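Now for the letters of each chain:
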Amino acid sequence: YLLAIAATGCLGAGLLVALADAGRDSTRSDSDEAVSPEGSGKKKVVILGTGWGGISFLKSLDASKYDVRVVSPRNYFVFTPLLPSVTSGTVEARSITEPIRRIIRKKDVKFHEAECTKIDEANKKVMCRDISDVKCKGKEDFELEYDYLVVAVGATSNTFGTKGVEEYCHFLKEIEDAEKIRGRIVDCFETASLPHLSDEDRRKLLSFVIVGGGPTGVEYAAELHDLIYEDLTSLYPELQKIVNITLVQSGDHILNTFDGRISEYAEKKFSREGIDVKIGSRVLGVTEETISFKSKATGKLMEIPYGMIVWSTGIGTRPVIADYMKQIGQTDRRVLATDEWLRVKNTDGVYALGDCATVEQRKIAEDIADLFKLADKDGDGYLSVSEFVDTMDNVRMRYPQIDLYMERQHMEGVVGLLNDALKKEKNVKLDLEHFSEAICKVDSQMKSGPATAQVAAQQGEYLALSFNHMAMGSPDEGPIRVRGGGRHRYHPFRYRHLGQFAPLGGETTAAELPGDWVSIGRSTQWLWYSVYASKQVSWRTRALVIFDWTKRFVFGRDSSRM
Ligand code: FAD
């Protein structure tokens, strides 16, 4: 509560600072700068992308030490965790975007609003194209050379090749997506209010389907429910009874990367509120009128008409990354593999972070298996309880992120072994088969990596500090590991998991914080408000977001369709 009060207290100060600081939003219109003269002798760093990874890198980089250029098709940063709130009008789109030129104005950095179309590994160049509406005819394409390339282009939505998804579903990745969804919801209500429609037509228009029961799908479902039942039903009272929200999830539970208590609470809450959660269901296809899916348990086929579908299931590869992977022999992957210093494998001077990359973890899985084997000093396949606990502590200390992946499915098995041993006052059987199975699963989950802003931001900061460090030593010195001795000049990247939130609507949020601490309820919602206000990239957006939340409390959400 104290945090919440502090955050709300930011409003006054925030507004003052923002008014003094804001000026006009230059998200598209700022004037361009002259391109800096060549030959400064500085190493050329090109950053692709202005999302969580790219901006975090830029903010911590000592740009005076390098010739820095940023390339991105959007000239702003988006605070993605609040995108679901934009779909319902709880916050406005411009409140969660910050112009790049505002972020870099005090740094010696050039920004180019363009898309990178190809990375030329052999010649250390990137090909770029202006894809904005205003172009200089015949001069859309240009090239930039680099000494170091930082790839932070994020990912696309993954449709898993499901028929009709690209054509008929909405995605929730970009600010435009959120605004389109907001407009479409209201459009469905307005069309359903036309006088000549049948009840069947109205039911179809007001059938909202969300595919994907991860944090984004669940948060969007909660926002949609709040928008409809807190604001729209009083404006369209005759339609209240025929609205339907369906959440389709292929896994056995929604929010299945969260603690079981949170998944269970969310499922019960949604079912109480009339959100139809179809777990264990795989979408077969989408047509202009209907979505069809199949229950994995019963094999039953279902088909429902819809007014709008939001598709939110995992991440896919951007074309520029797929092409680059071919050049460097990483074809059988979804994202770029890097080592623990975020260097892209088989390349020279290329680093990747965020959703388009994953730290190759095979080594970690092997290390963990080795730690257990080493602890079994007499080689009899058993560890004493204290040896077992010490080894687990050792694993956790080295790889704090392990809990994130291991806890739910495998920790239970590990804890079971331990309890058994304690009960029987025996040693713990070092069931390496169990461990290797568990570790392989952990390993494969780690490979795909949690695609979160937290990871991208920590990687960006880590890499910038490494670059700052590199600039102080020999310019050619890259992060290297002295093999054998286990020492290295640059610390490898280690992810610190700071917890995760799942807003569930109706002023209720669930939080899972480090130390297995789970909290669900209204007070957690205030914690969510405080954390998200404090995490804003500038005082301007912080003030705007707090203002939007306050506006929503006082006047409700705006249902006009622009
Ligand atoms: P992004 O932030 O996606 O940035 C990619 C950048 O690359 C963009 O600027 C893009 O314009 C640019 N780009 C794309 N193609 C090119 C190209 N060819 N050339 C140059 N630039 C290019 N994570 C959390 O931790 N907590 C949350 O609550 C949370 N909520 C989310 C809600 C939603 C709706 C979504 C979509 C994501 C959410 N995430 C959350 C995940 C988080 O947003 C991503 O993990 C994070 O954005 C990844 O950062 P990134 O820098 O890799 O990519």
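Whatever comes next refers back to the structure up there.
Residues numbered from 1 in each chain as written. Predicted model: local features only at pLDDT ≥ 70, side-chain atom pairs only at ≥ 80, totals over all residues.

1. Here we look at the overall build of the protein
When you go through the protein residue by residue, the secondary structure sums to 17 helices and 29 strands. Relative to its full complement of 562 residues, the protein shows a buried share of 38%. Sequence separation of at least 24 residues holds for 68% of the intrachain contacts in the protein that already meet a minimum separation of 6. (Helix = DSSP H or I, 4+ residues; strand = E, 2+ residues; numbered from the N terminus. Buried ≥ 20, exposed ≤ 12 C-beta atoms within 10 Å, placed from the backbone. Contact = placed C-beta atoms within 7 Å.)

2. Brief notes about the site of the ligand
Every one of the 33 residues lining the ligand counts as a neighbour, but Gly49, Gly51, Gly53, Gly154 and Gly354 are closest to it. For the shell around the ligand, the elements supplying multiple residues, two or more each, are helix H2 (52-60), strand S2 (67-72), helix H3 (83-87), strand S6 (115-120) and helix H15 (453-472). For the shell around the ligand, the residue count by class is 16 nonpolar, 12 polar and five charged. Formed jointly, the shell around the ligand draws a minimum of three residues from each of two domains, domain 1 (25-156 + 316-359 + 452-488) and domain 2 (165-315 + 498-555). (Near = placed C-beta within 6 Å. Nonpolar A, V, L, I, M, F, W, Y, C, P; charged D, E, K, R; others polar. Domains from an automatic or database assignment.)

3. Thoughts on helix H8 (residues 215-235)
Given a rise of 1.5 Å per residue, 21 residues ought to cover 30 Å, and the 29 Å separating the end C-alpha atoms of H8 matches this to within 8%. Along its length, H8 shows its largest kink, about 35°, at Ile228. For H8, a buried count of 15 out of 21 residues is recorded, marking the element as mostly surrounded by other parts of the structure. (Expected span 1.5 Å × (residues − 1). Bend = angle between axes of the 7 residues up to and from the residue.)

4. A closer look at helix H17 (residues 539-555)
Each full turn of the α-helix corresponds to 3.6 residues, which orients residues three or four apart in the same direction. Its 17 residues place the ends of H17 24 Å apart at the C-alpha level, agreeing with the 24 Å of an ideal helix rising 1.5 Å per residue. Along H17, the residues that are buried comprise Arg540, Thr541, Arg542, Ala543, Leu544, Val545, Ile546, Asp548 and Trp549. After H17 finishes, the residue Gly556 shows a positive phi value of roughly 80°.

5. Re the nonpolar core
If you look at the biggest cluster of nonpolar residues, it comprises 123 residues, and the most contacted ones within it are Val150 and Val151. Among the elements that line this core, the one with the most residues is H8, at eight residues. Residue contributions to this core reach at least three from each of two domains, namely domain 1 (25-156 + 316-359 + 452-488) and domain 2 (165-315 + 498-555). The contacts of Val151, once residues within four sequence positions are left out, are Leu48, Leu336, Val350, Tyr351, Ala352 and Cys356. (Core = buried A, V, L, I, M, F, W, Y, C linked by C-beta atoms within 7 Å.)

6. Brief notes about the sheet that holds S6
Spatially, S6-S7-S8 is the arrangement adopted by the three strands of the open sheet, whose pairing is antiparallel. Bordering the open sheet on either side are S6 and strand S8 (141-145), each of which pairs with just one other strand. On average, each strand axis in the sheet is tilted by 25° relative to the strand beside it, whichever way the strands run. The sheet contact formed by S6 and strand S7 (residues 125-129) spans five bridges and is antiparallel. Across the sheet, residue Lys118 finds its bridge partner in S7, namely Met127. (Pairing = 2+ DSSP bridges. Axes fitted to C-alpha atoms, helices over the stretch in contact; angles between N-to-C directions.)

7. Examining the sheet that holds strand S18 (residues 308-311)
The strand order across the open sheet formed by five strands is S11-S18-S12-S13-S14, and the pairing between neighbours is parallel. Either end of the sheet is taken by a strand with one partner, and the two such strands are strand S11 (170-171) and strand S14 (275-278). Relative to S18, S11 runs parallel, the two being bridged by two bridges. Following the sheet pairing, His170 is matched in S18 by Val310.

The values reported here are purely geometric and, on their own, carry no functional implication.
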